[in-house]
Amino acid sequence: AGRRPGAARRVTDPLTILVAARDEEAAIAETVRSLREEFPEAEVIVADDGSRDQTADLAEEAGATVLRLRRRGKGEALSAAERAAPPGALLLVDAEIRGDVRALAGANGIRVARFTRREGGGFGIVKDTARALIRLRSGFDASEPLSGQRGLDPHARSLVFPLARGFGCETRMTIDAVRAGVAVE
C-alpha cells in the first residue's frame, strides 16, 4: 500500500517463481532445486501443463508447489499459476533453464533474459516474426522476443496477466506491457 505503480521491488516484496513445464522429467528437479537455492525465500510454483511423464512428481519432490493441469498451452498454464500465486513480484522461467537468473529479480517493469549462448531451439524465422510483430504492434524493438525467462514487478504483473494462450504468450506480454507504458528491458 502507498507504493507507486511500477516502483522497483523492495526486499520486503514477496517473489514467486512460476515454472512452465510439460514432459520435462529430465530437467525439472534440477531446475527447482537450483531456483530454491538462488531464491530461498521465494515460492516456486510449477505449472505442469498435462505432462505424460513424472514431471509433476519430481517437481514436488524437489520442493515446488505443483499445479497439475490438463494440457492448456504455456500461456494458460502460466496464467493459472499466476492466479494461485500470492501478490508480489514474479519470476517466469522455463523448466529446462540452466544458469543464474538472479539478475531478473527486482525488475522495474519487465526484465527479459538475453542469452549469450543458446542451446537447442531452432527459433530463426519464428523469432524474427515475433520481433517484427512486437515492433509493428507497439513500436518496441525486442532483442529477445521469445525468451521465457522474465522478471515482473507487481504493477507489470497486473497489466499483462492473464497471458495469451499457447506459445505466443511472451510476444503478447511484451506488446501489452509496452502499450501500457511499462518499462521492458
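Since the model is a prediction, treat every value here as computed from it, not as a measurement. Once a new chain begins, its residue numbering starts again from 1 and follows that chain's sequence as written. Local features are withheld for residues below a pLDDT of 70 in this predicted model, meaning they are given only at 70 or higher, and side-chain atom pairs are given and counted only at 80 or more; totals for whole chains, interfaces and linings count all residues. With hydrogens and water stripped out, all remaining heavy atoms of the structure feed into the side-chain values.

1. Structural notes on the side chain of Ser79
Tracing the backbone shows Ser79 in helix α3 (residues 74–84). Categorising residues by exposure relies on relative accessible area from a 1.4 Å probe, with only protein chains included: less than 20% of the type maximum marks a residue as buried, more than 50% marks it as exposed, and the intermediate range marks it as partly exposed. For Ser79, a relative accessible area of 3% puts it in the buried group. Contact definition: two residues touch when any of their heavy atoms are within 4.5 Å. Apart from the residues lying within four places of it in its own chain, the contact partners of Ser79 are Phe161, Pro162 and Leu163. In this text, helices come from DSSP runs of H or I with a minimum length of four residues, and strands from runs of E with a minimum of two, each type numbered from the N-terminal end.

2. Comments concerning the nonpolar core
Counting residues in hydrophobic clusters, the biggest one holds 26 residues, and the most contacted among them are Ile17, Val19, Phe39 and Val46. Listed by contribution, the elements that provide at least two residues to this core are β1 (15–21), α1 (28–38), β2 (43–49), α2 (55–61) and β4 (89–94). Once residues lying within four places of it in the same chain are set aside, the contact partners of Ile17 are Leu35, Phe39, Ala42, Glu43, Val44, Ile45, Leu91 and Val93. Here, nonpolar core means buried Ala, Val, Leu, Ile, Met, Phe, Trp, Tyr and Cys residues that are tied together by side-chain atoms lying within 4.5 Å of each other. Counting 24 residues, the second-largest nonpolar core is a separate cluster that includes Ala85, Ala156, Leu163 and Val184.

3. Some points on the sheet that holds β4
We call two strands paired when DSSP finds no fewer than two bridges between them. Taken in spatial order, the 6 strands make up an open sheet running β3-β2-β1-β4-β6-β5, and their pairing is mixed. Edge positions in the sheet fall to β3 (65–69) and β5 (110–112), since each has one partner strand and no second. Averaged over all neighbouring strand pairs, the angle between strand axes comes to 15°, with direction disregarded. Pairing of β5 with strand β6 (residues 150–152), which is carried by 3 bridges, proceeds in the antiparallel orientation. In the strand pairing of β6, Val112 is matched with Arg150. Axis lines are fitted through C-alpha atoms, for helices just across the contact stretch, and the angle between N-to-C directions can take any value from 0 to 180 degrees. In this fold α1 packs onto β1, β2 and β4, with an angle of close to 160° to the strand it touches most, β2. On the sheet, helix α6 (residues 169–179) packs against β4, β5 and β6 and is oriented at approximately 35° with respect to β6.

4. Comments concerning the environment of Ile134
Within the fold, Ile134 resides in helix α4 (residues 124–138). Relative accessible area serves as the criterion here: at 0%, Ile134 is assigned to the buried category. Ile134 sits 41 residues away from Ile175 along the chain, and the two C-alpha atoms are 5.7 Å apart. Not counting chain neighbours up to four residues away, the residues in contact with Ile134 comprise Gly139, Phe140, Ala142, Pro145, Thr171, Thr174 and Ile175.

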